[in-house]
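Below are the chains, spelled out letter by letter.
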Amino acid sequence: MAENRASVYGEGVPCWVDAQLPDVEAGKRFYGQLFGWTFEDWFGSFAQALKDGEPVAALVRKVDGRLPTVWTVYFATPDAPALARRIRDAGGQIVSAPVPAGELGVTALVTDPEGAVFALWQPEDHPGFGKRHEPGTFAWTELYARDTEAANAFYGDLFREALFGPDAAPDFGRAPVSDVYPAEMPPHFLVHFAVEDVAAALEDVTRLGGRVQAPPFETSYGEVAVVTDDQGASFALLRR
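Residues numbered from 1 in each chain as written. Predicted model: local features only at pLDDT ≥ 70, side-chain atom pairs only at ≥ 80, totals over all residues. Heavy atoms only, no water.

Visitor: How should the side chain of Asp18 be read in this particular structure?
Guide: Here Asp18 lies in strand S1 (residues 14–21). One buried charged residue, Asp18, remains without a salt bridge, the closest side chain of opposite sign being Lys62 at 12 Å. For Asp18, the side chain forms a polar contact with the side chain of Tyr74, separated by 2.5 Å. Residues within four places of Asp18 in sequence aside, it is in contact with Phe46, Ala58, Val70, Trp71, Thr72 and Tyr74. (Helix = DSSP H or I, 4+ residues; strand = E, 2+ residues; numbered from the N terminus. Buried < 20%, exposed > 50% of the residue type's maximum accessible area, 1.4 Å probe, protein only. Lys, Arg positive; Asp, Glu negative; His and termini not counted. Salt bridge = Lys/Arg side-chain N within 4 Å of Asp/Glu carboxyl O. Polar contact = N/O pair within 3.5 Å; in protein donor to acceptor, adjacent residues only side chain to side chain. Contact = heavy atoms within 4.5 Å.)

Visitor: I'm lost on the sheet that holds strand S8 (residues 117–123) in this one. Help?
Guide: Sheets are built from strands paired through backbone hydrogen bonds, the pairs being either parallel or antiparallel. Spatially, eight strands are ordered S2-S3-S4-S1-S5-S8-S7-S6 in an open sheet, and the strand pairing comes out mixed. Every other strand in the sheet has two partners, leaving strand S2 (38–41) and strand S6 (93–100) as the edge strands with one partner each. The mean angle between the axes of side-by-side strands here comes to 25 degrees, regardless of whether they run parallel or antiparallel. Across four bridges, the pairing between S2 and strand S3 (residues 46–51) is antiparallel. Its bridge partner being in S3, Asp41 is matched across the sheet by Ala47. Against the sheet, helix H1 (residues 24–35) engages S1, S2, S3, strand S4 (54–61) and strand S5 (70–76), with an angle of about 150 degrees to S4. Where helix H2 (residues 80–89) meets the sheet, its contacts fall on S6, strand S7 (105–111) and S8, and the angle it forms with S8 comes to roughly 155 degrees. (Pairing = 2+ DSSP bridges. Axes fitted to C-alpha atoms, helices over the stretch in contact; angles between N-to-C directions.)

Visitor: Can you walk me through the sheet that holds strand S12 (residues 211–219) in this structure?
Guide: Pairing is mixed in the open sheet, where six strands are placed in the order S10-S9-S11-S14-S13-S12. At either margin of the open sheet sits one strand with a lone partner, and together these are strand S10 (172–176) and S12. The mean angle between the axes of side-by-side strands here comes to 25 degrees, regardless of whether they run parallel or antiparallel. Here strand S13 (residues 222–228) pairs with strand S14 (residues 234–239) via six bridges, running antiparallel. Each residue of the ladder has a partner; that of Ala225, found in S14, is Leu237. In the packing of H1 onto the sheet, contacts are made with strand S11 (188–194), S13 and S14, and the angle to S14 comes to roughly 5 degrees.

Visitor: Can you walk me through the confidence of the model for the protein chain in this structure?
Guide: In regions of low pLDDT, the predicted coordinates are not meant to be interpreted in detail. Here the protein chain averages 94 in pLDDT, while 97% of its residues score no lower than 70. Below pLDDT 50 for its whole length, residues 1–6 participates in 12 contacts with residues either more than four positions away or in separate chains. (pLDDT = per-residue confidence, 0-100.)

See below:
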């Protein structure tokens, strides 16, 4: 990208997503056909996804087959080590300590007190999404928690300005796990991508080898369906 837009996303704003996949080439075929993404080789084993030439996501090959096949959401921060310490002090855990990703930025992998995994992104040359809130791009992330009051307290304190500040326009909500999933499902974040027509997108998902986990339902933020890709990574389709 020609410019450094590192100041675009304030702390606590979802600014990036990536998928850990066994087969990145298969992922390119699936998401390229589903969302119209194109791809370019990127940092390490990552393939950066572009929508109309703007960065919207990344796919990365799993280095260990025991790791989950999953989409991960990154929250922006100006200081990843400081935010990681605050998360630990509030009862969360640091899975991977902050580490530079070349000159792109600094990243860390953490959990909240219930174990829901998310990532931190301290931008340098890569600020995050170049495009969002449009069909085929990131639109929302929902935390499915067992204890929603505890989640409110943890994230409300951690990301207060992004969630409740005077200029807040959150792309982040929370709901009980049992609203969509069996009660034994672990707490987790679900990445949502915008589509113009949920039913049509579901047909594309199944045609491409994915499956429907939860058929369309209404939420406070739009019509949602939960699906998996052809390798088992879960995500949601959202029409607002």
